Amino acid sequence: MQLRTELEETQANLRISHNRFRTGILTSAIGYSIVILGGVLGGSEDYAEWGQPLIFTGGVIGVAGAVFIFNSNTFIGRAGGIPSRRERKKDGS
């Protein structure tokens, strides 16, 4: 029974990690595509005023996606039995 519970917990953590990683990749791709669009528009004469705001907005969205990707590794560690940094501080280790 304990082995089954651990297996289900591991699978749940891996599922969460997978979903967050995919969300991060998609968010980053959208953000950096907006950055590229802003660079292209910034170089044109007609839409130059759109360039800089799009570059900044896309950069923020891209960084948010990178944070999702980074945080997805937390659940991989949990699946492997590695306690989070917060849990280690709580235990005094």
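In the block above lies the structure referred to throughout.
Since the structure is predicted, the reported quantities are computational estimates derived from the model, not experimental observations. (Residues numbered from 1 in each chain as written. Predicted model: local features only at pLDDT ≥ 70, side-chain atom pairs only at ≥ 80, totals over all residues. Heavy atoms only, no water.)

## Notes on the overall build of the chain
- Counting secondary structure elements, the chain contains 3 helices and 0 strands.
- Helices and strands in the chain line up, N terminus first, as α-α-α.
- Computed over the C-alpha atoms, the radius of gyration of the chain is 20 Å, more than 25% above the 12 Å expected from 2.2 N^0.38 for a compact globule of 93 residues.
- Dimensions of the chain, computed from C-alpha atoms along their principal axes, come out at roughly 65 × 30 × 10 Å.
- Each of the 93 residues in the chain was classed as buried or not, and the buried ones make up 19%.
- Considering only residue pairs separated by 6 or more positions, the chain has 70% of its internal contacts joining residues 24 or more positions apart. (Helix = DSSP H or I, 4+ residues; strand = E, 2+ residues; numbered from the N terminus. Rg over C-alpha atoms; globule rule 2.2 N^0.38 Å. Buried < 20%, exposed > 50% of the residue type's maximum accessible area, 1.4 Å probe, protein only. Contact = heavy atoms within 4.5 Å.)

## Regarding the layout of surface pockets
- One number sums up the size of the largest pocket: a volume of about 380 Å³.
- Contributing to the lining of the largest pocket are Phe-70, Asn-71, Asn-73, Thr-74, Gly-77, Arg-78, Ile-82, Pro-83, Ser-84, Arg-85, Arg-86 and Arg-88.
- For the lining of the largest pocket, the leading source of residues is helix α2 (residues 48-79), giving 6 residues.
- Grouping the amino acids of the lining of the largest pocket by side-chain chemistry returns 3 nonpolar, 5 polar and 4 charged. (1 Å grid on protein atoms, 1.4 Å probe; cavity = no way out; pocket = protein on both sides within 12 Å on 5 of 7 lines; lining within 4 Å. Points joined across faces, edges and corners; volume = space filled by probe spheres on them. Nonpolar A, V, L, I, M, F, W, Y, C, P; charged D, E, K, R; others polar.)

## A look at the pattern of salt bridges
- Applying the stated rule across the entire model yields 1 salt bridge.
- Between Glu-8 and Arg-4 there is a salt bridge, and its shortest N-O distance comes to 3.6 Å. Within this pair, Glu-8 and its partner Arg-4 are both found in helix α1 (residues 2-43), separated by 4 residues, close to a single helical turn.
- On the basis of relative accessible area, Glu-8 is assigned to the partly exposed category, the value being 44%.
- Classification of Arg-4 by relative accessible area gives exposed; the value is 58%. (Salt bridge = Lys/Arg side-chain N within 4 Å of Asp/Glu carboxyl O.)

## What about the environment of Phe-70?
- Take Phe-70: it is sitting in helix α2.
- Relative accessible area serves as the criterion here: at 62%, Phe-70 is assigned to the exposed category.
- For the pair formed by Phe-70 and Ser-17, sequence separation is 53 residues and the distance between their alpha carbons is 10.0 Å.

## Some thoughts on a nonpolar patch on the surface
- A surface patch of nonpolar side chains, amounting to about 260 Å² of accessible area, comprises Tyr-32, Val-63 and Val-67.
- Relative to the assigned elements, Val-63 resides in helix α2.
- A relative accessible area of 48% means that Val-63 is categorised as partly exposed. (Patch = residues over 30% accessible without salt bridge, like charges linked within 9 Å, V, L, I, M, F, W, Y side chains within 5 Å. Areas by Shrake-Rupley, 256 points an atom, 1.4 Å probe, with all protein chains shown as cover.)

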